[in-house]
Amino acid sequence: MLPTISFLLAATLLAVIPGPGVAYVVARTIAGGRAEGITSTLGLTLGGVVHVLAAALGLSLLIAQSAMAFAVVKYLGAAYLVFLGIKLIFSRPAASESPTVKRSGPAKALRDGIIVETLNVKTAMFFLAFIPQFVSAQQAMAPQFILLGSICVLLNSTVDLIAVFAASRIVGSGVAKAARERLLSRLSGATLMTLGLLMAVANREA
């Protein structure tokens, strides 16, 4: 059971688009230094693993109940990706959306990272929307989901770590920062919308 090229390309593309996770670890790095940034990243990683395991179990139970329900999940997932893309394209990044954190030490940064990511409903919804597009209902669901979900978490964590080590360059201010945020939002939105449409077409042809 190996991940497909299309999955690896899509997961990598989504990982390199800066998102809330990057903003969070950068804020932690600025407030408490590299150690807090790294432990925050580890916390987000562990929280992401919690979502992967929970979603794998839930999806496995769903497949055991109905193959039709799984097909519905895949179409709803594709539609959700398109919705997120449209929302990002037309959103206006606001300065108040940037996380504000205080220096607290690596141990608390680790704990906060786990809590923040575990309680992030958007992460759970994204996993349930994205990963089912690449799994097969004819094979054991949990191992597929755990493998693909773990790859997503690893890619996201790698990008977060890069952001931690380059925080001083990532963080900017003023008009230039706002322009970059708008561009990134639109690129992110276009990527998600295209991915969702492609997945919907692929599901219909399957």
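Note: the structure precedes this text.
Just so it is clear, the structure is predicted and the values come from calculations on it, not from any experiment.

Asks: What am I meant to see in the overall build of the protein chain here?
Replies: Within the protein chain, the secondary structure is distributed over nine helices and zero strands. N-terminal to C-terminal, the α/β element order of the protein chain is α-α-α-α-α-α-α-α-α. For the protein chain, the residues scored as buried account for 37% of the 206 residues in total. In the protein chain, of all internal contacts separated by at least 6 residues, the share reaching a separation of at least 24 is 85%. For the protein chain, the computed accessible surface area is about 11,400 Å², with 70% contributed by carbon and sulfur atoms.

Asks: I would appreciate a short explanation of the packing of aromatic side chains in the present structure.
Replies: Given two aromatic rings, their pairing is described by the distance between the two centres and the angle made by the two planes. Under the definition given, this model contains four aromatic pairs. Between the aromatic rings of Phe-7 and Phe-134, the centroid separation amounts to 5.3 Å while the plane-to-plane angle is 70 degrees, which identifies the pairing as edge-to-face. Here Phe-7, found in helix 1 (residues 5–16), pairs with Phe-134, found in the loop between helix 6 (121–130) and helix 7 (141–165); they are 127 residues apart in sequence, far enough to count as distant. This pair shows no difference in class: Phe-7 is buried, exactly as Phe-134 is. The rings of Phe-7, Phe-126, Phe-130 and Phe-134 are connected pair by pair, giving a single aromatic cluster.

About the cut-offs
Residues numbered from 1 in each chain as written. Predicted model: local features only at pLDDT ≥ 70, side-chain atom pairs only at ≥ 80, totals over all residues. Heavy atoms only, no water. Helix = DSSP H or I, 4+ residues; strand = E, 2+ residues; numbered from the N terminus. Buried < 20%, exposed > 50% of the residue type's maximum accessible area, 1.4 Å probe, protein only. Contact = heavy atoms within 4.5 Å. Areas by Shrake-Rupley, 256 points an atom, 1.4 Å probe, with all protein chains shown as cover. Phe/Tyr/Trp six-rings, centres within 6.5 Å; stacked < 30°, edge-to-face > 60°.

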